[in-house]
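# Survey of secondary and tertiary structure
The lines below spell out each chain.
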Amino acid sequence: MADKDLKEAGVEIGHAFKKFGKTFLRSAKTTANNVEDFIDDKPKDPNAEPTVYSDGSWRETGKGLGSAFKDFGKALVDEVKDDLSTDKKD
């Protein structure tokens, strides 16, 4: 069972890092657009759509990473406990 939990935790970490990568790239795009606007002396649009910095993307990404690593830690502890209990039986 612990092996299955480790596999699931690994998949969850993979998904969390994928989301991190996408959020990071969206941040880079937003920053590049803001720099371009600054260089061109464009005023800020008060009606502009929310950006990756204001729409909660980074908060959600952080929570996803935290949850993934928490589950991975639990699965790892369970795996070690299973190994230790197997060693005692031998």
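Residues numbered from 1 in each chain as written. Predicted model: local features only at pLDDT ≥ 70, side-chain atom pairs only at ≥ 80, totals over all residues. Heavy atoms only, no water.

### Details of the overall build of the chain
Filter applied, for reference: The secondary structure listing takes helices from DSSP runs of H or I that are at least 4 residues long and strands from runs of E that are at least 2 residues long, numbered from the N terminus. Note that the radius of gyration is over C-alpha atoms, with the globule rule given as 2.2 Å times the number of residues to the power 0.38. Each residue is placed in one exposure class: buried if its accessible area under a 1.4 Å probe, protein chains only, is under 20% of its type's maximum, exposed if it is over 50%, and partly exposed if it falls in between.
Along the backbone of the chain there are two helices and zero strands. Computed over its C-alpha atoms, the radius of gyration of the chain comes to 21 Å, more than 25% above the 12 Å expected for a compact globule of 90 residues. Taken along its principal axes, the extent of the C-alpha atoms in the chain is 75 × 20 × 15 Å. For the chain, the residues scored as buried account for 16% of the 90 residues in total.

### Digging into the pattern of salt bridges
The criterion, for reference: A pairing counts as a salt bridge when a side-chain nitrogen of Lys or Arg comes within 4 Å of a carboxyl oxygen of Asp or Glu.
This model, assessed by the stated rule, comprises three salt bridges. A salt bridge links K19 to E60, with the nearest nitrogen and oxygen atoms 3.2 Å apart. Of the two residues, K19 sits in helix α1 (residues 2–39) while E60 sits in helix α2 (residues 57–89), which places them 41 residues apart along the sequence. Between K42 and D37 there is a salt bridge, and its shortest N-O distance comes to 3.9 Å.

### Examining the environment of T51
Relative to the elements of secondary structure, T51 occurs in the loop between α1 and α2. Residue classification places T51 among the partly exposed positions, given a relative accessible area of 27%. Sequence separation between T51 and R26 is 25 residues; the distance between their C-alpha atoms is 8.6 Å.

### Focus on the packing of aromatic side chains
Our working rule: Two aromatic rings from Phe, Tyr or Trp, using only the six-membered ring of Trp, form a pair when their centres are within 6.5 Å; if the ring planes differ by under 30 degrees the pair is stacked, by over 60 it is edge-to-face, and anything between is tilted.
Under the counting rule described, the total for this entry stands at four aromatic pairs. Geometrically, the ring pair formed by F17 and F69 is edge-to-face, given 6.0 Å between the ring centres and 85 degrees between the ring planes. Of this pair, F17 sits in helix α1 while F69 sits in helix α2; the two residues are 52 residues apart in sequence, bridging distant segments of the chain. By way of ring pairs, the aromatic residues F17, F20, F24, W58 and F69 are connected into one cluster.

Note that all results are geometric; they support no functional claim without further evidence.
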